[in-house]
Amino acid sequence: MLSADFARLGEEVREVQAAGADWIHVDVMDGRFVPNLTVGPPVVAALRRATTLPLDVHLMIVEPERWIESFVRAGADVISVHVEASPHLHRTVAEIRRAGARAGVVLNPHSSEESVRYVLPDVDLVLVMSVDPGFGGQAFLPSVLPKVTRLREWIDAQGLDVALEIDGGIDTRTAAQALEAGADVLVAGSAVFGADDRSRAIAALREAGRTA
Ligand code: ZN
């Protein structure tokens, strides 16, 4: 929703729900972990009133553990924290689950899959950043694809129920690459919100998955 029109956010979210989106991905930035500021719990609460879709809240903030309760109370279904911002990652994901949400961990483009290896059985989602976090509309980094494939192998080998999500620069071409590498959840910003026909844009991303 970073690419949505914030002046009419409720309408925008209802529109992408009608257009076939599965989740609403909310990028929370604090101006410290990333050089940009976006939204906090009140906006998540407003989105909660506007849609029945799961709210997938991606925290790009320092000390994310301080904000878990507030975002769960606001209506977040999934809360993901960056490994680079969470020195006690195992404890933080346990706190997210205890608060009542599904727990995700996020890797910046330079971060190794090894940094989430030992929490894989304790999380519901791994999010691989395919751009440097902070802004919408950046170009996809294909260098992260081997990391997606390695994570897919680990998840499958252990028979885990962990979603593998990719975020940044997703369009129909990069969606196919990401799905082929092993991702099963795609975050699309400008590819959906910037499209004239959002139903068609979402359908095209799904189609990219079928042909990957
Ligand atoms: Zn995100």
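Residues take numbers from 1 onward in each chain, read along the sequence in its written order. Residue-level local features of this predicted model are given only where pLDDT is at least 70; pairs of side-chain atoms are given and counted only at 80 or more, and the full residue set underlies all totals for whole chains, interfaces and linings. Excluding hydrogens and water, the side-chain values take into account all heavy atoms of the structure.

Peer 1: I keep staring at the sheet that holds strand E2 (residues 55-60) and nothing clicks. Help me out?
Peer 2: The strands making up a sheet associate through backbone hydrogen bonding, with each pair oriented either parallel or antiparallel. Spatially, the seven strands line up as an open sheet ordered E1-E2-E3-E4-E5-E6-E7, and their pairing is parallel. Pairing within the sheet leaves two strands with one partner each, and these edge strands are strand E1 (24-29) and strand E7 (185-187). On average, each strand axis in the sheet is inclined to that of its neighbour by 25°, with strand direction left out of account. One bridge is not enough; two strands pair if DSSP finds at least two bridges between them. Each helix corresponds to a stretch of at least 4 residues labelled H or I by DSSP, and each strand to a stretch of at least 2 residues labelled E; elements are numbered beginning at the N terminus. The axes used here are C-alpha line fits, helices contributing only the stretch in contact, and every angle between their N-to-C directions lies in the interval 0 to 180 degrees.

Peer 1: Honestly, the packing of helix H6 (residues 145-157) against helix H7 (residues 172-181) in this entry has me stumped. Any pointers?
Peer 2: Remark: H6 packs on H7, axes separated minimally by 8 Å, with the N-to-C direction vectors making an angle of 35°. Where H6 abuts H7, its residues Leu145, Val148, Thr149 and Arg152 lie against Gln177, Ala178 and Ala181. Classes in brief: Ala, Val, Leu, Ile, Met, Phe, Trp, Tyr, Cys and Pro nonpolar; Asp, Glu, Lys and Arg charged; the others, Gly included, polar. In terms of residue class, the contact of H6 with H7 is made up of four nonpolar, two polar and one charged. Whether two residues touch is decided by their heavy atoms; if any such pair falls within 4.5 Å, the residues are in contact.

Peer 1: Sorry if this is basic, but what is going on with the nonpolar core here?
Peer 2: Nonpolar side chains in soluble globular proteins generally cluster together in the buried interior. Think of a nonpolar core as a cluster: buried Ala, Val, Leu, Ile, Met, Phe, Trp, Tyr and Cys residues, connected wherever their side-chain atoms sit within 4.5 Å. We call a residue buried when its accessible area falls under 20% of the maximum for its residue type, exposed when it is over 50%, and partly exposed in between, using a 1.4 Å probe and counting protein chains only. Val26, Val105 and Val126 are the most contacted members of the largest nonpolar core, which totals 60 residues. The biggest single contributor to this core is H6, with five residues. Residue contacts for Val26: discarding those within four places in its chain leaves Met1, Val39, Val44, Leu47, Asp56, Val57 and His58. Counting residues in hydrophobic clusters, the runner-up holds eight residues, among them Val78, Leu127, Ala163 and Val185.

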